[in-house]
Amino acid sequence: MLENTSTLAAYRIPVTSGTRTTEVPVLLPGQRIGVVLDHPALGPVIWLAPEALGGFSPVTATVVPAGVRYHSGNCRALTSRGAAVLFRDAGGRIIGGEQLPPSSVSCAPGEKVLPGGAPGAEVFPYCDLRTE
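Treat the numbers as computed from the prediction; the structure is a model and nothing was measured.

Caption draft 1: Structural view of the pattern of salt bridges. Within the structure shown, the criterion is met by 7 salt bridges. Among the salt bridges present, the one from Asp-128 reaches Arg-81, with a minimum N-O distance of 3.0 Å. In this pair, Asp-128 is assigned in strand β12 (residues 122-128) and Arg-81 in strand β9 (residues 79-88), connecting sequence segments 47 residues apart. For Asp-128, a relative accessible area of 0% translates into the label buried. Arg-88 is the partner of Glu-122 in a salt bridge, and the nearest nitrogen-oxygen pair spans 2.3 Å.

Caption draft 2: Molecular detail of the sheet that holds strand β11 (residues 110-114). In space, the 3 strands of this open sheet follow the order β7-β8-β11, with antiparallel pairing throughout. The open sheet terminates on both sides in strands that have one partner only, identified here as β7 (60-64) and β11. The average undirected angle you get between the axes of adjacent strands in this sheet is 20 degrees.

Caption draft 3: Highlighting the state of the cysteines. Under the counting rule described, the total for this entry stands at 1 disulfide. In this model Cys-107 forms its disulfide with Cys-127; the gap between the sulfur atoms is 2.0 Å. Because the sign of the S-S torsion sets the handedness, a value of about -75 degrees for the bond joining Cys-107 and Cys-127 places this disulfide among the left-handed ones. Residue Cys-107 is found in the loop between β10 (94-100) and β11, and its partner Cys-127 is found in strand β12; the two are separated by 20 residues along the sequence.

Caption draft 4: Here's a closer look at the nonpolar core. With 21 residues, the main nonpolar core has Val-26, Leu-53, Phe-56, Tyr-70, Leu-78, Val-123 and Leu-129 as its most contacted residues. Of all the secondary-structure elements, those providing two or more residues to this core are β2 (9-17), β8 (67-72), β9 and β12. Those residues in contact with Leu-78 that sit more than four places away from it in its chain are Phe-56, Val-59, Cys-107, Cys-127, Asp-128 and Leu-129. Val-35, Val-36, Ala-84 and Leu-86 belong to the second largest nonpolar core, which has 14 residues in total.

Caption draft 5: A look at the sheet that holds β10. Strand order in this open sheet of 3 strands is β10-β9-β12, and the pairing throughout is antiparallel. Each of the sheet's edge strands pairs with one partner strand only, and the pair in question is β10 and β12. With strand direction ignored, the average angle separating the axes of adjacent strands in the sheet is 20 degrees. Here β9 pairs with β10 via 6 bridges, running antiparallel. Paired with Leu-86 across the two strands is Gly-97, which belongs to β10.

Caption draft 6: Region of interest: the side chain of Ser-17. When you line up the elements, Ser-17 lands in strand β2. What makes Ser-17 buried here is its relative accessible area of 18%. In this structure the side chain of Ser-17 is engaged in a polar contact, spanning 2.3 Å, whose partner is the backbone oxygen of Asp-38. Those residues within four positions of Ser-17 in sequence are excluded, and the remaining contacts are Leu-37, Asp-38 and His-39.

Rules used in this analysis
Residues numbered from 1 in each chain as written. Predicted model: local features only at pLDDT ≥ 70, side-chain atom pairs only at ≥ 80, totals over all residues. Heavy atoms only, no water. Salt bridge = Lys/Arg side-chain N within 4 Å of Asp/Glu carboxyl O. Helix = DSSP H or I, 4+ residues; strand = E, 2+ residues; numbered from the N terminus. Buried < 20%, exposed > 50% of the residue type's maximum accessible area, 1.4 Å probe, protein only. Pairing = 2+ DSSP bridges. Axes fitted to C-alpha atoms, helices over the stretch in contact; angles between N-to-C directions. Disulfide = S-S within 2.5 Å. Core = buried A, V, L, I, M, F, W, Y, C linked by side-chain atoms within 4.5 Å. Contact = heavy atoms within 4.5 Å. Polar contact = N/O pair within 3.5 Å; in protein donor to acceptor, adjacent residues only side chain to side chain.

Next up, the structure:
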């Protein structure tokens, strides 16, 4: 889990473990997000004032019986960069995870349910402001 304990927004956070690298697009102050890498190391981060993100709000995901419900309060579609899915044991300890591909995650405005998810899993969408 990554947590932004600063008062600035972390943007384009490279996270590496061995030969694997992923990028967390945005992490607002106080926000936590899952990463599916063993012993992750952070690369250089771009720090921005939260207001510079133009009203961006994180997309949330909840596992429901039909799959995963994604909710975005943003006024435009963001670019999906996939999602991290974390699994915990009965004591709350992380016991595994998987990375979802971008096509399996909705970053569209409003709510959308997509197939996937397992009871008790936590899904952390990686929704990006940039389009490339």
